[in-house]
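Inside the fold
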Amino acid sequence: MANSGINKVQVKKARDALIAKGKHPSIDAVRIELGNTGSKGTIHKYLVELGQESGVALGGNIALGDKLAAIVADLANQLQDEAQTIVKEASDTHQAEIKRLNDRLSEHQKLLQTANQQQEILGQLLKEAEAAKELLVKSEQEFALKAERLGQQLQSQEELIAQKDAHVMSLDEKHLHAREALEHYRTSVKDQRDQDQRRHEHQVQQLQGEIRQLNQTISIKQTDITQLNKDNSRLATELSETRKQLRLSEQNHQALTAQLGASEDALVTMTARFIESEKQQRVDAAAIKALEQQVATLQQASQLMQVELITVKTELSVKNQLFESLQPRLPEVVNQ
């Protein structure tokens, strides 16, 4: 780069030194005398001024090649300034693009981090849903076992009720036989009484003279009637006991019927709970499926973000390589 720190006095000293040495004070020679510093255009300008001041024409002391060299030097300086401007603009544009890409990369990283956090939350929710599903499966198995036990108890109750029904039927048959026997006894007693009464009337009508014998016969008959009354009372007592047993059997039957109804109600309740558990399980399965779909969607979005991030990094790397390849070429253009 040209040094703008030289002045007219330094150029004059360098020219006078060359003249004193018997050398031609060309632009290149003056520049070498100055220690290879200063631009050729500046040296040319000061040499022209010094020549005008000394009354020496520029055309007689400075060769045409020096003029061209000065012109080329000015053009080189101008090209160098323009190249520096281009490099500065390209550098600013590149830095702005790098900043934009870094901001975009930071934004995508934040989105990726948010997606990963959401994925972790959904994974935790999925684990909780799976744990709830396992609890529901265990509850369903317990309900199934309870239903099976209730079914066995119901079967046992039905068998017990069948036995009680058979016992009640047996008691009914016994009661029926007792009633038939009592009715037969009553009929036989009535027939016997009718026969005795007819016989007695016949004897009274025909044997009024045999009052003593008739009285003895009446006494015997009364004794028989007393015995029959005792038998009748005994049979009535047995009938009462039989009726009591029958009422107890009916009460037991009603209790068993109520117990059976309670067992049926419990079975209906357990069945309703089991159906509700199945409904809840289906709802939980739908929720788990929705969560799985949401997790899959987030995973796809995460993959797309990662692909876009790789694309941005690749684009940034390509632009960096392009900028690095552009930097060494600009000085070459200036030197040419």
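This report concerns the structure included in the present document. (Residues numbered from 1 in each chain as written. Predicted model: local features only at pLDDT ≥ 70, side-chain atom pairs only at ≥ 80, totals over all residues. Heavy atoms only, no water.)

Comments concerning the overall build of the protein chain
Across its full length, the protein chain holds seven helices and zero strands. When the elements of the protein chain are put in sequence order from the N terminus, they spell out α-α-α-α-α-α-α. Here the contacts in the protein chain between residues at least 6 apart in sequence split such that 76% fall between residues at least 24 apart. Counting only carbon and sulfur atoms, one obtains 53% of the accessible surface of the protein chain, whose full area is about 23700 Å². (Helix = DSSP H or I, 4+ residues; strand = E, 2+ residues; numbered from the N terminus. Contact = heavy atoms within 4.5 Å. Areas by Shrake-Rupley, 256 points an atom, 1.4 Å probe, with all protein chains shown as cover.)

What about the nonpolar core?
Counting twelve residues, the largest nonpolar core is built from Ile6, Val11, Ala14, Leu18, Ile27, Ala29, Val30, Leu34, Ile43, Tyr46, Leu47 and Leu50. Of all elements in the fold, only α1 (8-20), α2 (27-33) and α3 (40-53) reach the threshold of two or more residues within this core. With residues near it in sequence (within four places) discarded, Ile6 still touches Val11, Leu34, Thr37, Gly38, Ser39, Thr42, Ile43 and Tyr46. (Core = buried A, V, L, I, M, F, W, Y, C linked by side-chain atoms within 4.5 Å. Buried < 20%, exposed > 50% of the residue type's maximum accessible area, 1.4 Å probe, protein only.)

A short note on unusual backbone geometry
Even without being a glycine, Asn36 presents a positive backbone phi close to 55 degrees. Here Asn36 shows up in the loop between α2 and α3. Looking at Asn36, the relative accessible area reads 52%, which means it is exposed.

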